[in-house]
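Coordinate analysis (summary)
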Amino acid sequence: MKPTHLEIQRMLTDSQWREQLFKMTALVMLSIALLTLAVLLIDAFVDGVGRLRWSFLTNFPSRKPEQAGILSALVGTVYMMILTGLFAFPVGVGAAIYLEEYAKHHWFSRIIELNIANLAGVPSIIYGLLGLEVFVRAMGFDRSLLSGSLTMALLVLPIIIISSREAIRTVSPSIREASYALGASRWQTIRNQVLPLAFPGILTGSILAFSRAIGEAAPLITIGALTYIAFLPDSLLAPFTALPIQIFNWVSRPQKGFHANAAAAIIVLLVVLILMNALAVYLRQRYQKRLSL
Amino acid sequence: MSFKPVKKSRVGEGMIHIVLFLCGILSVFTTLGIVAVLIIETYEFFREVSIFEFLTDTQWTPLFADKHFGILPLVSGTFLTSFIAILVAMPIGLLSAIYLSEYASQNIRKTIKPILEILAGIPTVVYGYFALLFVTPLLQVFIPSLSGFNALGPGIVMGMMIIPMVSSLSEDAMYAVPQSLREGAYALGSSKLQVALRVVFPAAFSGIAASLLLAVSRAIGETMIVAIASGQQPRLTLNPLVAVETMTAYIVQVSLGDTPTGTIEFKTIFAVGMMLFISTLILNLLSQWLRERFREQYE
């Protein structure tokens, strides 16, 4: 039997209803995700802003929450990032150059590629176990700034390699061929043509990789970085602490005063992250302008 | 025709080649290092504890006088928090992905996607703070029996953290579905909803499944949220309202204490680490395999 005019109309309205309902549900879900982000940031800000003052940045941790500051953690984080950068950046870029310029489409580069993809998925705490055995125990660096930085360097290495390769890949082959045609050797071509063009991209990707490392606490806790340090590290082998560890330490205490400290330290950490990301965005935009010229 | 580099017999060129090769091979050594460290210490561990006890005992008390080495409580804690996380991340992530890929305008898509990605960039200690001091107290208003440390709060927060993994990768997969498939379905009289759910979703399925597996793997390996907010009580339960302990949280607990190296307590963190490494590796490999399959279909 054929449906009547009325039935067809009802079927159509039904399906339109379903359309709208689904679209609204999807939109609500998306809004929940964005709202959570906002609530998370506002919550930390409200809890911590009262504790933010200059002395919070210049004081060492203390047993009294009102007098405690993040000096050693902040300095530890900065030192560690500089060292991590010194270790990971040249090696990561070197590996990317090798994979893109020397061993492209080679079976060996396929193995390294697979390996890097898997390394990027290894939980960060496992890197901590590696650092604990290799740097802290086998090499005898103890629970030092050096051990922490080397562990972090291994952690960010896959991300730096992946993003540097992408940046190198955007350099047009015609530029390389032109350089070869003028008699340049492979390394001359890389150094004078490929790297200058790819460098802003490499830098942007690397800054983003380091900004991920800044927030990592798990591997540092695993290698035994201390949570209470009332002095600044004076050598590579000095014990140290870092912002995320300090936050973890304060959150884990029962007193409310320390929770406010944790929130204030979170604000500082987020500001550092925002600055790094802004730098990366700025570099990317400058780079895009240069290419379009 | 393409130009090849001039072969110059300069010592420098060869040196540079070798140095760059060493940089490349370092990542392989990292993997080998991880595997070697885990195998050696886990082997040492199993010389003292039987693998049967490890896998079947229902108690995990290596830090007490009466030692039991059954990893099941840690596995159940990890499973529970990860399960809650994916329960949260799956609907939100997938529907957000469908909305961005099928409904939103180019401009909205380009604005919202990076904002969603911020969720994945926030340090996990911040999420831990949020789980312990905001989400759990909020949940306690509705569920008075919820304990201060529990699996539910951190599970939900972990779900929020992995939303971008699900939404971004699934959205990429859906967006990559050829426009001709959608047009074909429209030509046959399908509505937008039918196209989204019956054409795009199935076509992008392996990419979507890959994103979910990756998100689960990330949740299993996540450390700070659960270390802060889910407690340190290894117990074999699927009750989300009580304190539990995950594999990662246990490693943190031991690392914070003064456990001397070489003791059985110290070796346990490597055995637990091995378990963690194997489970995430399997999920990552599966996810990679699915993504490759998806690529073969459409590229």
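Here, the structure is the one placed above.
A brief look at the structure comes next. Quick caveat: nothing in here was measured; it's all calculated off a predicted structure.

Details of the overall build of chain A
Along the backbone of chain A there are 11 helices and 0 strands. For 293 residues, the compact-globule estimate of 2.2 N^0.38 gives 19 Å, and the C-alpha radius of gyration of chain A, at 25 Å, exceeds that figure by more than 25%. Its C-alpha atoms give chain A principal-axis dimensions of roughly 85 × 70 × 40 Å. For chain A, with 293 residues in total, the buried portion stands at 46%. For chain A, long-range pairs separated by at least 24 residues make up 75% of all intrachain contacts whose partners lie at least 6 apart in sequence.

Things to note about the interface of chain B and chain A
Across the contact, 70 residues belong to chain B and 71 residues belong to chain A. Ranked by residue count, the leading element in the side of chain B that touches chain A is helix α1 (residues 11-48) of chain B, at 16 residues.

Notes on the packing of helix α7 (residues 179-187) of chain B against helix α8 (residues 192-203) of chain B
All names here are of chain B. For the pair α7 and α8, interaxial distance at closest approach is 10 Å and the crossing angle is 145 degrees. Note on packing geometry: the crossing formed by α7 with α8 is right-handed. The residues of α8 that touch α7, namely those facing L181, R182, A185 and Y186, are Q194, V195, V199, V200 and A203. Per-class residue counts for the contact of α7 with α8 are 7 nonpolar, 1 polar and 1 charged.

A closer look at the environment of F45 of chain B
Residues and elements named next belong to chain B. Topologically, F45 is positioned in helix α1. Residue classification places F45 among the buried residues on the basis of 22 C-beta atoms within 10 Å. Sequence spacing of F45 and F266 is 221 residues, and the spatial spacing of their C-alpha atoms is 9.2 Å.

A look at the packing of helix α3 (residues 71-102) of chain A against α1 of chain B
One can describe the packing of α3 of chain A onto α1 of chain B by two numbers: an axis separation of 7 Å at closest approach and a directional angle of 105 degrees. Relative to α1 of chain B, the element α3 of chain A lies roughly perpendicular. Seen from α3 of chain A, the contacting residues are V91, G94, A95, I97, Y98, L99 and Y102 of chain A; seen from α1 of chain B, they are H17, V19, L20, F21, C23, G24, L26 and S27 of chain B. Within the contact of α3 of chain A with α1 of chain B, the residues separate by chemical class into 11 nonpolar, 4 polar and no charged.

Parameters and conventions
- Residues numbered from 1 in each chain as written.
- Chains lettered and ligands numbered in written order.
- Predicted model: local features only at pLDDT ≥ 70, side-chain atom pairs only at ≥ 80, totals over all residues.
- Helix = DSSP H or I, 4+ residues; strand = E, 2+ residues; numbered from the N terminus.
- Rg over C-alpha atoms; globule rule 2.2 N^0.38 Å.
- Buried ≥ 20, exposed ≤ 12 C-beta atoms within 10 Å, placed from the backbone.
- Contact = placed C-beta atoms within 7 Å.
- Axes fitted to C-alpha atoms, helices over the stretch in contact; angles between N-to-C directions.
- Left-handed = near helix turned anticlockwise from the far one by under 90°.
- Nonpolar A, V, L, I, M, F, W, Y, C, P; charged D, E, K, R; others polar.
- Parallel < 35°, antiparallel > 145°, perpendicular 65-115°, else oblique.

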